[in-house]
Protein chains: 4
Amino acid sequence: MPAAKQELNIAMIGHGFMGRAHSNAFQQVGHFFDTPYQLRLKVICGRDRPKLAPMAAQWGWEEVATEWQEVVSRPDIQVVDIATPNALHAPIAIAAAQAGKIVFCEKPLAVSEPEAEAMAKAAGNVANLVWFNYRRVPAIAFARKLIDEGRLGQIFHYRAVYLNQSGNDPSKAGAWRYQRAQAGSGVIGDLLSHVVDLAFFLNGPITELNAMTHTFAPGRDVDDAAVLLVHFANGSIGSFEGSRYGVGCRNRNAFEIHGSGGMLGFNLEDMNRLHFYDATAKPNLQGETSLLINGPDHPYSENFWKPGHPIGYEHTFIATLGDFLSTLANRQGFHPNFDDAVLVHRVLDAVERSGQARRWINLG
Amino acid sequence: MPAAKQELNIAMIGHGFMGRAHSNAFQQVGHFFDTPYQLRLKVICGRDRPKLAPMAAQWGWEEVATEWQEVVSRPDIQVVDIATPNALHAPIAIAAAQAGKIVFCEKPLAVSEPEAEAMAKAAGNVANLVWFNYRRVPAIAFARKLIDEGRLGQIFHYRAVYLNQSGNDPSKAGAWRYQRAQAGSGVIGDLLSHVVDLAFFLNGPITELNAMTHTFAPGRDVDDAAVLLVHFANGSIGSFEGSRYGVGCRNRNAFEIHGSGGMLGFNLEDMNRLHFYDATAKPNLQGETSLLINGPDHPYSENFWKPGHPIGYEHTFIATLGDFLSTLANRQGFHPNFDDAVLVHRVLDAVERSGQARRWINLG
Amino acid sequence: MPAAKQELNIAMIGHGFMGRAHSNAFQQVGHFFDTPYQLRLKVICGRDRPKLAPMAAQWGWEEVATEWQEVVSRPDIQVVDIATPNALHAPIAIAAAQAGKIVFCEKPLAVSEPEAEAMAKAAGNVANLVWFNYRRVPAIAFARKLIDEGRLGQIFHYRAVYLNQSGNDPSKAGAWRYQRAQAGSGVIGDLLSHVVDLAFFLNGPITELNAMTHTFAPGRDVDDAAVLLVHFANGSIGSFEGSRYGVGCRNRNAFEIHGSGGMLGFNLEDMNRLHFYDATAKPNLQGETSLLINGPDHPYSENFWKPGHPIGYEHTFIATLGDFLSTLANRQGFHPNFDDAVLVHRVLDAVERSGQARRWINLG
Amino acid sequence: MPAAKQELNIAMIGHGFMGRAHSNAFQQVGHFFDTPYQLRLKVICGRDRPKLAPMAAQWGWEEVATEWQEVVSRPDIQVVDIATPNALHAPIAIAAAQAGKIVFCEKPLAVSEPEAEAMAKAAGNVANLVWFNYRRVPAIAFARKLIDEGRLGQIFHYRAVYLNQSGNDPSKAGAWRYQRAQAGSGVIGDLLSHVVDLAFFLNGPITELNAMTHTFAPGRDVDDAAVLLVHFANGSIGSFEGSRYGVGCRNRNAFEIHGSGGMLGFNLEDMNRLHFYDATAKPNLQGETSLLINGPDHPYSENFWKPGHPIGYEHTFIATLGDFLSTLANRQGFHPNFDDAVLVHRVLDAVERSGQARRWINLG
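Parameters at a glance
Residues numbered from 1 in each chain as written. Chains lettered and ligands numbered in written order. Predicted model: local features only at pLDDT ≥ 70, side-chain atom pairs only at ≥ 80, totals over all residues. Heavy atoms only, no water. Phe/Tyr/Trp six-rings, centres within 6.5 Å; stacked < 30°, edge-to-face > 60°. Helix = DSSP H or I, 4+ residues; strand = E, 2+ residues; numbered from the N terminus. Buried < 20%, exposed > 50% of the residue type's maximum accessible area, 1.4 Å probe, protein only. Lys NZ or Arg CZ within 6 Å of the ring centre and 35° of its normal. Least-squares fit on C-alpha atoms with pLDDT ≥ 70 in both. Contact = heavy atoms within 4.5 Å. Expected span 1.5 Å × (residues − 1). Pairing = 2+ DSSP bridges. Axes fitted to C-alpha atoms, helices over the stretch in contact; angles between N-to-C directions. Buried area = accessible area lost by both parts, 1.4 Å probe. Salt bridge = Lys/Arg side-chain N within 4 Å of Asp/Glu carboxyl O. Polar contact = N/O pair within 3.5 Å; in protein donor to acceptor, adjacent residues only side chain to side chain. Nonpolar A, V, L, I, M, F, W, Y, C, P; charged D, E, K, R; others polar.

Asks: Hey, could you run me through the packing of aromatic side chains in this one?
Replies: What characterises a pair of aromatic rings is the spacing of the ring centres plus the angle enclosed by the ring planes. What the rule picks out here adds up to 104 aromatic pairs over all chains. Both rings, one in A:Phe255 and one in A:Phe266, keep their centres 5.6 Å apart while their planes meet at 25 degrees; by these two values the pair is stacked. Highlighted residues: A:Phe255 in strand 11 (residues 252–259) and A:Phe266 in strand 12 (residues 262–267), separated in sequence by 11 residues. Seen in terms of ring centroids, B:Phe104 and B:Phe324 are 4.9 Å apart; in terms of plane orientation they differ by 85 degrees. Their pairing is edge-to-face. Remark: B:Phe324 occurs in helix 9 (residues 314–330) and B:Phe104 occurs in strand 5 (residues 102–105); sequence separation between them is 220 residues. Judged by relative accessible area, B:Phe324 falls into the buried class, the value being 1%. The residue whose ring lies beneath A:Lys306 is B:Phe17, and the NZ or CZ to ring-centre distance is 4.4 Å.

Shown next as structure tokens:
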């Protein structure tokens, strides 16, 4: 008989697309990860009450609520999960942390670096997580493993883009993501934040950057595109690009890394694959190998399906949560947390400033 | 307030890999499909009691049981789901149907065509489903839509393979899938059955076939590979291949269809993509288009995530179940059902006989 | 100072597309291969005089002629190259061989196996070559090398197709290739002959086959498609397909080979690449590697351009000729020659007979 | 009878890899292009006499010479072709132009912008050509056609790289390309010059840029990598990258262009293909189409082989020369010429200066 599990009651603030992805992770984590916790979807909170009830019914939330201020301090809640527009992240997270809750927060953590720092400070004593879910794409976790093993040797180049075509779609123009007051920035917080987090994860700290930012849509007060040059602490150089005008790309979160030992390439649109060029192979057998990263011996392949059976987008959230619960049980630190997100914001803020000032910014 | 849902209590017999996939579908269908039923994972049944408890705990089955004969007639059960080795499908399904239960059965339905017919006959008065889950890969459902719209014109060629490398793996040699007594056949029932079901779904009835069957492993009493030539009722010709010695292929369930209007291509290893060549385009713009089939306007794209966000293997089970529940509510017939599987078995039996007799077999 | 080269005067019969490819090879071989011969494009012969002169001028043929009977016995000619419709191959080749000339002949060598045998007999005492040019695609020559090195281990499956869409194009219906009297067969001689030659080259003799042949176009007296099952002498099984109704394929001459050691894949449309799956690699690093086969250390990479610089279709003819001249200088046997083509025709005839008789044919 | 052709006697200075590619173009252009000129490979000139004779014999040069100063003024020479290390381009080209010769010059035209300007000035009265051969890759010519037809709509992003791994190869470290005195620059002149020329060709003038340049190899006095941000006159933004440390890339000269109407993508390693995403197609049929650009109705498809038959690297030189001869006969201006190359050098010099000064440089 398995030991009784410890219940963790969750309150989720927000009920949009991210709310669905989080709800799914809460429901699914126990099916794929062996965890001592029993997650209970206690309350879902949002301002649009008519939408809340069906969402709660669909995903198994026990209660609905409309005032996050009340929810975050409820004594029966252990975890507050934030899936709101960006501008609300800080007040909710700070209140939840001050109430001693475990805090999960969607990315970007904040609308500015100072705000992120305030959040990290407030959350200093509670376990916390930022949903930079792509670190847990099995192919990306495996890329990190190959790098850690030294298979890429000295890194020369890191090149990453996150491109979609949402900016070119007039039907989306009114959404909160396109308004500075609610989003803080445009593509920088929305897409480039993922690029920056993965760059930290795979290639370490950035020492300086030089950015070009651009808004294509007339009258829009946020950035539609950002392209930047970067120097990394490990001596490699790179470029990042985020754009909502990458017409032809549905969800291209992609990177390539070149080192003395080989190359790695990834694209989220084909997330079950990692491309690896082994420059230490015999010259006439060197080429790009398309690895299906769903086993065997791949990250999370014991958790999900069998080799050759693709997994989808939502598993990145499930694996993030599975790893978090494991660190929680073991009293280890989890990454990426609020402190990691502060580092990302430090870069994002530098991107904005560099784009405006049109010059290199040191992050040393 | 949504109307109260009708409960459907499920008993699942079997607890292997397929048991996990089915459990997941039962847990997830309500999150992605709007259904009037509330599925309840009532009892999981299997012979290996030590493994049952953790499986039940992990996937939320309320009870465990070891005697399927008792389970299938329990009055509190409405649905019996069969995920056992093939040789047990018939007795369980027949007993469940005779007890008036809705019956779900893994593929291949039976170990022979006569057995399949007996099962279909027994299930004539109950709603039933065979887990030929790949019809609900969104890309395959979309292929069917393009064909139905006439975009491929007159079909000339249908070419399909299902290849993996399991036969070449000595560690798997003892599993039930490699023994005739439990599996009925080798690759024919295991992999070729999917090929045949998809061919029916996409290209209609087969009128005759000519097969070569082969066993590579010494002493094995089931087929490792089957390759066959086929004529379809629509005038097209084709070839099918199933092999467990397709070294280099993890899970290549793939097809290509050529018609006067173009070509379609699919591979399960990249299940979010469909390849479409439009032969009606301007000659200098004709080429193979790699479509990401996760929206917009694609089958099930409203159910799952947003465009560009890949889905995985398990969603084919969820969508199969979602569609089944919809037909159940609307009192419509569901496909593929036991009768459809009889047609598949008619082909599979012909493959075995043709391989032995080394001649064409008419299926007209 | 290099030694003076021995002149070889060439007479080419035929002036269509193949005449261009051959002319190019004659002009180019000395630029890429170190050969003791100086090829001289002496006379081009054809029945369409108005087209001959510009062709001769464009490709540097010194003379034009319209009677092949006169040309093949001219004492100043050392090499007769045949690029006519198939039905003329035999009379020209036999006459040329009887006149003691070196004979080059386009594929298929003949319109039937007996005719091919008569040609081989007549050419028994002269150096000869059949333009099965694809053996010299560097990627295919490299595939052969990997197989010879044992990297694929025991071969299980050989799967090959040659597909184009010419049959579906009404503008081509009147061409000689679609008429039995001139071509001998349809897709069998035209495309399937290449498949069979490559199968011999890569996987050895075929012991039996079972074919389905089909004509889609009403009133056409040759086959449009042929699909067959084969057993090889090495114990592997396979399937071949040739079709002119492979809509969506421009020139897909492709194969896949699975063995205990891995998989190889090739497609002529991307002729600079070979796909290799190494099943002896660490399990989590096994995948399909896309090798650019234009160096380093690849077949012919010293002859042509630098690594990474693609070569095109015509280089397969140049390399065939370069190798032939090398064997000629060294008094070695060249392959594929007329005897090799007889073996191919033995298979092609069996395909026709099997398709008609609808049964296995032994080639033991 | 075709009219007698006008002879053009060529002197080529240089005999390395580029000398081979040029020689091939001179020999082949008449086979693929209908031109009123008869090219005669009169004299090949270089400093390494032992290597000259075999090169001349292999490629059909009538004479060898070692003093370019004598060659460029010979009255029997009409065309001087320069394929030497970069530092020699200017003196040879200026002398040849002053002697009234037609001048062909390898890229980069010069070792600096002022030198390029001097060359362009000297060549103001003679027909001239710079071997930016990639404009004549059929796929790139077709990309230009699609852009000219407006199929990409308003251009948003232009992203281009030229990556190889030569810098990581110690065996090449001593070559002239790695020494400032002979090459003028490193990757900037060698690879980035192609990127810049194609950007002009496909997307028009650059108004400002901001570059990061880097040398990985200790002690090397030229740049190994350059990455830059650019603004184009048409309002689009972009990034360029050139690197000799792009380990894993053999010859990746690649670009992607995103516009309101779609996307284009190209990679020289697969030069017979162009990727086109048509954003005006039905949403559920939008995807990346892989076009084989060797016919029908593609640039140069009437010149070379039949649809589906790949062409190789050398055809880009042949087509450049074919087009040049056509403009020469028709007394039209040819592009890219020395004036076009001056514009490229203006950008290249700005890249060097921006890299050093670490700031935006205006090119308005």
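Asks: Would you mind showing me how to read the relation of the copies chain B and chain C here?
Replies: Both copies of the chain are related through a single rotation about an axis accompanied by a shift along the same axis. With an axial shift of 0.0 Å and an RMSD of 0.0 Å, the rotation relating chain B to chain C amounts to 180 degrees. In symmetry terms, the pair is related by a two-fold rotation axis. Among all C-alpha atoms of chain B, that of B:Arg359 lies closest to the rotation axis, at 3.0 Å. Take the interface residues of chain B: 100% of them recur as interface residues in chain C, which is what a same-surface contact looks like.

Asks: Before we go on, may I ask you to explain helix 10 (residues 338–357) of chain A in this structure?
Replies: Given 3.6 residues per helical turn, the α-helix brings residues three or four places apart onto the same face. Between its first and last C-alpha atoms helix 10 of chain A spans 28 Å; for 20 residues at 1.5 Å apiece the expected length is 28 Å, and the two agree. With its phi angle positive at about 55 degrees, A:Arg358 sits one or two positions after the end of helix 10 of chain A.

Asks: What exactly am I supposed to notice about the sheet that holds strand 6 (residues 128–130) of chain D here?
Replies: Paired through backbone hydrogen bonds, the strands of a sheet run either parallel or antiparallel to each other. Residues and elements named next belong to chain D. Taken together, the 6 strands give an open sheet; going across it, the order is 3-2-1-4-5-6, and neighbouring strands pair in parallel fashion. The sheet is open, and its two borders are formed by strand 3 (63–65) and strand 6, each paired with just one other strand. When strand polarity is set aside, the average angle formed by the axes of neighbouring strands in this sheet is 25 degrees. Pairing of strand 5 (residues 102–105) with strand 6, which is carried by 3 bridges, proceeds in the parallel orientation.

Asks: I keep staring at helix 6 (residues 138–148) of chain D and nothing clicks. Help me out?
Replies: Residue and element names in this part refer to chain D. Helix 6 sits mainly inside the fold: 8 of its 11 residues count as buried. Check the buried side of helix 6 and you find it contacts helix 8 (187–203), strand 11 (252–259), strand 12 (262–267), strand 13 (273–278) and strand 14 (288–292). Gly150, located one to two residues past helix 6, shows a positive phi value of around 85 degrees.

Asks: Mind showing me how you'd approach the side chain of C:Ser166 here?
Replies: Within the secondary structure, C:Ser166 sits in the loop between strand 7 (155–163) and helix 7 (180–183). The residues contacting C:Ser166, other than those within four sequence positions of it, are C:Lys172, C:Tyr178 and C:Arg244.

Asks: Before we go on, may I ask you to explain the relation of the copies chain A and chain C in this structure?
Replies: For the pair chain A and chain C, the relating rotation is 180 degrees, the translation along its axis is 0.0 Å, and the fit reaches an RMSD of 0.0 Å. Looking at chain A, 100% of its interface residues are interface residues in chain C too, so the copies touch through the same face.

Asks: What exactly am I supposed to notice about the interface of chain A and chain C here?
Replies: A common way to express how large an interface is: the accessible area buried when the components associate. Counting residues at the interface gives 18 residues for chain A, matched by 18 residues for chain C. Between chain A and chain C, roughly 1300 Å² of surface is buried when both sides are summed, and carbon and sulfur atoms account for 55% of that area. Taken together, chain A and chain C are joined by 0 salt bridges. The interface formed by chain A and chain C contains 7 residue pairs in polar contact (both at pLDDT 80 or more). Those elements that place two or more of their residues in the side of chain A that touches chain C are helix 6 (138–148) and strand 14 (288–292) of chain A. Of all the elements, strand 14 of chain A adds the most residues to the side of chain A that touches chain C, at 4 residues. Residue composition of the side of chain A that touches chain C, grouped by class: 7 nonpolar, 6 polar and 5 charged. Note: strand 14 of chain A against strand 14 (residues 288–292) of chain C, 3 bridges, orientation antiparallel.

Asks: Explain the pairing of strand 10 (residues 237–243) of chain B to me, please; I cannot follow it from the model alone.
Replies: In regular strands, side chains alternate between the two faces of the sheet. All names here are of chain B. Summarising burial for strand 10: 7 of the 7 residues are buried, a large majority. Along strand 10, one buried face is formed by Ile237, Ser239, Glu241 and Ser243 and the opposite face, lined by Gly238, Phe240 and Gly242, is buried too. With 7 bridges joining them, strand 7 (residues 155–163) and strand 10 adopt parallel strand pairing. What sits directly across from Ala160, in strand 10, is Phe240. Relative to strand 10, strand 9 (residues 225–232) runs antiparallel, the two sharing 7 bridges.

Asks: It is not clear to me how the pairing of strand 9 (residues 225–232) of chain C should be interpreted in this structure. Could you clarify?
Replies: All names here are of chain C. Burial runs high along strand 9: 8 of the 8 residues are buried. What you see with strand 9 is no split at all: Ala225, Val227, Leu229 and His231 on one side and Ala226, Leu228, Val230 and Phe232 on the other are buried throughout. Bridge analysis of strand 8 (residues 206–214) against strand 9 gives 8 bridges, and the strand direction is antiparallel. From the neighbouring strand, Thr213 faces strand 9, where its bridge partner is Ala226. Taking the residues between adjacent antiparallel strands as the criterion, strand 9 and strand 10 (residues 237–243) are bridged by 4 residues, where Gly235 takes a positive phi near 95 degrees.

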